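For reference, the chains in residue letters:
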Amino acid sequence: MKAIAVTPAVKQVSIVNQTEPTISSPTDVKLRMIEAGVCGTDREICAFEYGTPPAGMEHLVIGHESLGEVVEIGAKVTRVKVGDIVVPMVRRPCPHDHCTACRSSRQDFCFTGDFTERGIKQQHGFMAQFIVDDEKYMNAVPADMRDVAVLVEPLTIAEKGLAQVWNIQQRLPWGCPIVPGKAQAHCHTAVVLGAGPVGLLGAMALVNADFDTYVYAREPVPNSKAAVLELIGAKYFSAETHSLEALTAAVGNIDLVYEATGASRLAFDMIQYLGINGIFIFTGVPGRKAPVQVDTDLMMRNLVLKNQVVFGTVNAGRETYEASIRDLQIFKNAWPQAVQSLITGRFPMDAHCELLVGKSAGIKNVIQLN
C-alpha cells in the first residue's frame, strides 16, 4: 500500500510503499483510510522541526486528522462494525504503572511524557491507504457527516478547552441566568486569536455555546475566513486595521480568550486585556524563536487581582471526541455553508508535496487516500 512519510535523516518527504497491515488481535480494527487533513503540525514535521519515527525505522508515516471506513474487525470487537466510518484517536498511553492518567485511559493528560502519537511521535500515522488499531481508539461517525468528519479531530482542541472552562469556572459565580432558548454562556464574551481551522472551529464551538464571539486575525477584510464567521454570527477584526486596544473597546470585559495562532508575542500581548474573572486558553505551540519581552509585573498583578486563570490544552480523550462529533453535526445543520467552506479542497496523494511543503493556501486542505 501507499503512505506519505518523512525520513528525517535525509530530510525527505515522499510516498512510500509499505506492507498492508493485518489484524493480529481480537480487538483490532482495520480501516480503509478515506482522507486526512493537512495541518500546521504536519507541515512542521515536514520541515523537520520534530517528528519521531517508530523504533528501528527510518521513516514516519504522518497524518493525524483523518477519516476511515471499517473493512475488517477482530472477533471481540463491539464498538464498531464493518462499513462504519470512524475517526481514530491520536495519542496512545505510556507504559508506566504510576501514570494514573494513562492507566485511566486519559493519555491526553499523561504525566510521564512517554506517550506515543500516531503520525507525530514513534507511531505511524493515518496518511496511508490502510491502518490497523485497537477498537478502543475508534470513534464512529454518522454516515451523513462523511463529507465533513475529517474536521472532528481539530475540533477536539476547542471541545477539550471548553470542557475545562466549565470545570474551572465552577470556582466562582460566573454562570449566566437561565434563559429559554439560550445556551449556558449567553452572558459572556470570547475572543479567538487566529482564523485558521482551529480558530474557526473554536469560534463555532463558542458561538454554539452562546458566547458573544470575536475573532482577531491578520488578514484584512474581505476574506474567506471573515465570510465564514459572518455566516455563524461571529465578528471579525483584522490586526491590520484594529489594535488590541480597539478590539477590547469593542468587546468590553473579555471573559475568555481562545488562542489558536502559536504566535507567542500576540498571545502575551493579549493577556493584559483579559477581563475580570477571565480565562485564557493556550492551544498553539510556537517554534523556537528569539525571546520576547513580557510585562510580567502587569501579568502577575492582573492574574491575582482579577481572579484570572491561564491554561494550556493538548490532545483529546474519548469524551472530547464524542463531544466533537456531536457538535460538528450541530454546526453542519445550523451553518451548512460555513462548515463546508472550511474544507478548501480535496487532493490526490500525488499532490502531497505542494500541500505539505509548499506555501499554505486556503483553510483546510484534505488528501484523499483511496
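Residues numbered from 1 in each chain as written. Predicted model: local features only at pLDDT ≥ 70, side-chain atom pairs only at ≥ 80, totals over all residues. Heavy atoms only, no water.

## Some points on the packing of aromatic side chains
Thinking step 1. This model, assessed by the stated rule, comprises six aromatic pairs.
Thinking step 2. When the ring of Y214 is compared with that of F237, the centres are 6.0 Å apart and the planes differ by 45°; the resulting orientation is tilted. With Y214 in strand β13 (residues 212-217) and F237 in strand β14 (residues 235-238), the pair connects residues that are 23 residues apart, well separated along the chain. Just as Y214 is buried, F237 falls in that class too.
Thinking step 3. Above the face of the Y214 ring, K235 is positioned so that its terminal group lies 4.9 Å from the ring centre. (Phe/Tyr/Trp six-rings, centres within 6.5 Å; stacked < 30°, edge-to-face > 60°. Helix = DSSP H or I, 4+ residues; strand = E, 2+ residues; numbered from the N terminus. Buried < 20%, exposed > 50% of the residue type's maximum accessible area, 1.4 Å probe, protein only. Lys NZ or Arg CZ within 6 Å of the ring centre and 35° of its normal.)

## A word on the pairing of strand β5 (residues 65-73)
Thinking step 1. Across eight bridges, the pairing between strand β3 (residues 28-37) and β5 is antiparallel. When the bridges of β5 are listed, A36 appears paired with S66.
Thinking step 2. Across two bridges, β5 lies against strand β6 (residues 85-88) in antiparallel orientation. Its bridge partner lying in β6, E69 is registered against I85. (Pairing = 2+ DSSP bridges.)

## Describing the state of the cysteines
Thinking step 1. In total, this model carries one disulfide according to the counting rule given.
Thinking step 2. Across the disulfide, C176 is cross-linked to C187 (sulfur-sulfur distance 2.0 Å). For the disulfide bridge between C176 and C187, the dihedral angle about the S-S bond is near -90°, and by the sign convention the bridge is left-handed. Placement of the pair is C176 in the loop between α3 (152-168) and β12 (189-193) and C187 in the loop between α3 and β12, with a sequence separation of eleven residues.
Thinking step 3. We classify C187 as partly exposed; its relative accessible area is 39%.
Thinking step 4. In this model C39 remains outside any disulfide bridge; the closest cysteine sulfur is found in C46, 9.8 Å from its own.
Thinking step 5. Here C46 is not disulfide-linked; the sulfur of C353 is the nearest cysteine sulfur, at 8.5 Å.
Thinking step 6. For C46, a relative accessible area of 5% translates into the label buried. (Disulfide = S-S within 2.5 Å.)

## Looking at the sheet that holds β14
Thinking step 1. A sheet is described by the order of its strands in space; here six strands give the open sequence β14-β13-β12-β15-β16-β17, paired in parallel fashion. For this open sheet the edge positions go to β14 and β17 (309-312), each flanked by a neighbour on one side alone. Going from strand to strand, the sheet's axes swing by 20° on average, the running direction of each strand aside.
Thinking step 2. Relative to β17, strand β16 (residues 279-282) runs parallel, the two sharing four bridges. From the neighbouring strand, F280 faces β17, where its bridge partner is V310.
Thinking step 3. Here α3 sits on the sheet in contact with β15 (256-259), β16 and β17, set at roughly 145° to β17. (Axes fitted to C-alpha atoms, helices over the stretch in contact; angles between N-to-C directions. Contact = heavy atoms within 4.5 Å.)

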